[in-house]
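Each chain, written out:
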Amino acid sequence: MMENVILIGFMGAGKTSVGTLYSQKHGLDFIDTDQMIEETEGMTVSRIFEEKGEEAFRRMETGLLERLTRKGKAALISAGGGLPLREENRKLLKGLGTVVYLDVSAETVLSRLKGDTTRPLLMGDHVKEKVENMLKARGPIYEEASHVKIDVNNKGPEEIVSEIDHFIGLEFGR
Ligand code: S3P
């Protein structure tokens, strides 16, 4: 029986593209926490930040994780970049399954998210400094929240999926 696999990491790490491929390969449900919150709230993440604030969004993430804990069928869960920041969320994540940290450099994030307008935390000026500072602050948190770290720079989704498979094979002795 396959258990849940959860992808965490910074915006632009490739959680959605890797997660989509991984879920297709293994016939798992694909769950994207941002997308689920957008559906439940009936508005985009940007609008939630604007109208209700980041704290409210973080509470929604925790509520969603609690609901996912009760879900039966195994899934690939792609977690919003800031979801592991709350300690209670880190506990919930590890309880849900194998947590894989996709580790990305500031350079890769900046090239992938150039022109993106869907990430409220990266809007405005000094985006490079913002990304660098957030990456530095979040690195240890992502490490703590995960079972394994994969360097995703200069790799495509297929290669990253193989690395996840390799780790999960080792972990479960398959
Ligand atoms: C956030 C990451 C976003 C989204 C929101 C906040 C963050 O998700 O949840 O904009 O704090 O890093 P992605 O990592 O899927 O872009």
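**Some thoughts on the nonpolar core**
Logical step 1: Counting 52 residues, the largest nonpolar core has Ile8, Phe10, Leu102 and Ile164 as the members making the most contacts within it.
Logical step 2: Top element by residues in this core is helix H4 (residues 54-69). It accounts for 6 residues.
Logical step 3: Not counting residues within four places of it along the chain, the set of residues in contact with Leu102 comprises Leu7, Ile8, Gly9, Phe10, Ala13, Gly14, Lys15, Val18, Ile150, Val152 and Ile160.

**Description of the site of the ligand**
Logical step 1: As a matter of local geometry, the ligand sits amid 14 residues, with Lys15, Asp34, Arg58, Arg119 and Arg138 nearest to it.
Logical step 2: One of the side-chain N or O atoms of Arg58 is found 2.7 Å from an oxygen atom in the ligand.
Logical step 3: Within the contact set of the ligand, an oxygen atom lies 2.8 Å away from a backbone nitrogen or oxygen of Gly81.
Logical step 4: Calculation on the ligand without its partners gives an accessible area of 390 Å², and the protein chains cover 96% of this total.
Logical step 5: Those elements giving two or more residues to the shell around the ligand turn out to be helix H3 (45-51) and H4.
Logical step 6: Of the residues contributing to the shell around the ligand, the split by class is 6 nonpolar, 3 polar and 5 charged.

**Some remarks on the environment of Asp103**
Logical step 1: Along the chain, Asp103 turns up in strand E4 (residues 97-103).
Logical step 2: Note: C-alpha distance between Asp103 and Asn153 (50 residues apart in sequence) is 7.7 Å.
Logical step 3: Excluding its chain neighbours within four sequence positions, the residues that come into contact with Asp103 are Lys149, Ile150, Asp151, Val152 and Asn153.

**Some thoughts on H4**
Logical step 1: If you check H4, its first and last C-alpha atoms are 23 Å apart, about what 16 residues at 1.5 Å a residue would give, namely 22 Å.
Logical step 2: Of all the positions in H4, only Ala56, Phe57, Arg58, Met60, Glu61, Thr62, Gly63, Leu64, Leu65 and Leu68 are classed as buried.
Logical step 3: Looking at the packing, one finds that the buried side of H4 touches strand E2 (29-32), helix H2 (33-41), H3, strand E3 (75-78), helix H5 (87-96) and helix H7 (127-145).

**Section: the packing of H2 against H4**
The relative placement of two packed helices comes down to the angle between their axes together with the axis-to-axis distance.
Logical step 1: Relative orientation of the contacting elements H2 and H4 amounts to 105 degrees, with a least axis distance of 10 Å. Relative to H4, H2 is oriented roughly perpendicular. Contact residues: H2 offers Thr33, Asp34, Met36, Ile37, Thr40 and Glu41, while H4 offers Phe57, Met60, Glu61, Leu64 and Arg67.

Parameters at a glance
Residues numbered from 1 in each chain as written. Predicted model: local features only at pLDDT ≥ 70, side-chain atom pairs only at ≥ 80, totals over all residues. Heavy atoms only, no water. Core = buried A, V, L, I, M, F, W, Y, C linked by side-chain atoms within 4.5 Å. Buried < 20%, exposed > 50% of the residue type's maximum accessible area, 1.4 Å probe, protein only. Helix = DSSP H or I, 4+ residues; strand = E, 2+ residues; numbered from the N terminus. Contact = heavy atoms within 4.5 Å. Near = heavy atom within 4 Å. Polar contact = N/O pair within 3.5 Å; in protein donor to acceptor, adjacent residues only side chain to side chain. Areas by Shrake-Rupley, 256 points an atom, 1.4 Å probe, with all protein chains shown as cover. Nonpolar A, V, L, I, M, F, W, Y, C, P; charged D, E, K, R; others polar. Expected span 1.5 Å × (residues − 1). Axes fitted to C-alpha atoms, helices over the stretch in contact; angles between N-to-C directions. Parallel < 35°, antiparallel > 145°, perpendicular 65-115°, else oblique.

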